[in-house]
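So you can see what is in the structure, the chains are spelled out below.
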Amino acid sequence: MKLSEKAEEILESMWIAIEEEGRGFTDLESAGISVDDPAIRELTGHAYVELKGERLYFRAEGRAEGEKTIRRHRLAERLMMDVLNIRGDSAELKACQFEHLLNEGVDTKVCTMLNHPATCPHGKRIPPGDCCEEARKSGDLGVVPLTELKSGEEGEIAYILTEDNKKMQKLMAMGVLPGNRIVLMQSFPSYIFRVGYSEFAIDTAMAREIFVRKA
Ligand SMILES: [Zn+2]
Ligand SMILES: [Zn+2]
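Note that the structure is a prediction, hence the values are computed from the model and not measured. One numbering rule holds for all chains: residues counted from 1, following each sequence as written. Following the order in which they are written, the chains are lettered starting with A and the ligands numbered starting with 1. Totals for whole chains, interfaces and linings use all residues, but because this is a predicted model, local features are given only for residues with pLDDT of at least 70 and pairs of side-chain atoms are given and counted only at 80 or more.

A. Up close: the overall build of the protein. Working definition: helices are DSSP H or I runs of at least four residues, strands are E runs of at least two. Numbering for both runs from the N terminus. The helix and strand inventory of the protein stands at eight helices and nine strands. Counting only C-alpha atoms and orienting by the principal axes, one finds that the protein spans roughly 60 × 35 × 30 Å. Whether a residue is buried, exposed or partly exposed follows from its count of other C-beta atoms within 10 Å of its own C-beta, namely 20 or more, 12 or fewer, or something in between, respectively; the C-beta atoms are built from the backbone. For the protein, with 215 residues in total, the buried portion stands at 27%. We call two residues in contact whenever the C-beta atoms placed from their backbones are within 7 Å. Taking all contacts inside the protein whose residues are at least 6 apart in sequence as the whole, residues at least 24 apart take part in 57%.

B. Unusual backbone geometry, seen in detail. The peptide bond linking Phe188 to Pro189 adopts the cis configuration, its omega dihedral lying at 0 degrees. Along the chain, Pro189 falls in the loop between strand E6 (181–186) and strand E7 (191–195). Phi is positive for Ala47, close to 60 degrees, though the residue is something other than glycine. The backbone phi angle of Asn115 is positive, close to 65 degrees, even though this residue is not glycine. When you line up the elements, Asn115 lands in the loop between helix H5 (106–113) and helix H6 (130–138).

C. Representation of the sheet that holds strand E3 (residues 55–58). Judged by pairing direction, the sheet is antiparallel, and its three strands sit side by side in the order E1-E3-E2 without closing on themselves. Bordering the open sheet on either side are strand E1 (26–27) and strand E2 (49–52), each of which pairs with just one other strand. One requirement defines pairing of two strands: DSSP has to find at least two bridges between them.

D. Structural detail: the sheet that holds E6. As summarised here, the arrangement of the six strands in space is E4-E9-E5-E6-E7-E8, forming an open sheet in which the pairing is antiparallel. Of all strands in the sheet, those with a lone pairing partner are strand E4 (143–145) and strand E8 (198–202), marking the two edges. Neighbour to neighbour, the strand axes of the sheet diverge by 45 degrees on average, direction disregarded. Sheet analysis places strand E5 (residues 154–160) next to strand E9 (residues 210–214), joined by five bridges and oriented antiparallel. Residue Ile160 lies in a different strand from E9, and its bridge partner there is Ile210. Under this scheme, a helix contributes an axis fitted over its contacting stretch, all axes are lines through C-alpha atoms, and angles between N-to-C directions fall in the 0 to 180 degree range.

E. Inspection of the packing of helix H1 (residues 5–20) against helix H2 (residues 38–45) at higher detail. It is at 9 Å that the axes of H1 and H2 come closest, and there the two elements cross at 75 degrees. Taken together, the axes of H1 and H2 are roughly perpendicular relative to one another. Residues Lys6, Ala7 and Ile10 of H1 lie in contact with H2, whose contacting residues are Ala39, Glu42 and Leu43. Residues were grouped as follows: Ala, Val, Leu, Ile, Met, Phe, Trp, Tyr, Cys and Pro as nonpolar; Asp, Glu, Lys and Arg as charged; and all remaining residues, including Gly, as polar. Among the residues forming the contact of H1 with H2, the class breakdown is four nonpolar, no polar and two charged. Angle categories are assigned with fixed cut-offs, so that under 35 degrees is roughly parallel, over 145 is roughly antiparallel, 65 to 115 is roughly perpendicular, and the rest are oblique.

Just distances and angles here, no functional claims.
Put into structure tokens, the structure is as follows:
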């Protein structure tokens, strides 16, 4: 059964408030949703959520559905930015429209194509699917932290996993950007890598945040 876009968006905002910000429930008023919104009836009808006064709580099924919905949204964002190279506000808008097309099966294909990314372009966690688990087990996870490379190995930068903007800017200034080639020159006592014609040294913590698709 396919939910309406509005219902999916409510599940997403609930996932962020409840699972990521630990708020326990979503307050209808602060979320700008009215009690008699048909999407609320749709969600309570599926027994996905429980409405107590102005507060919206997840039921187990709804939590699982919310997780899948947020996964589709963030995969759509990755697809927009990494593959289609769409940035800014239009990326957000298109991701919102596109996520609804990533239903069962399609999300797995997109996830595999993107090498099972762990985060969205904003650094938020993408809940892993079965495909991510299988890829990890069979060892064909193409994307690894820089720290997994041996000296002399190279790859293509897939993404940077940091929520620290200063670090992100520092790395970007070094040319550590998705799509660029990176060669690990040395891993002890610090990580020295080459991007383009320049070499840089960083510590282990930072090296762990650079994810590379091994060549
Ligand atoms: Zn995002
Ligand atoms: Zn996956």
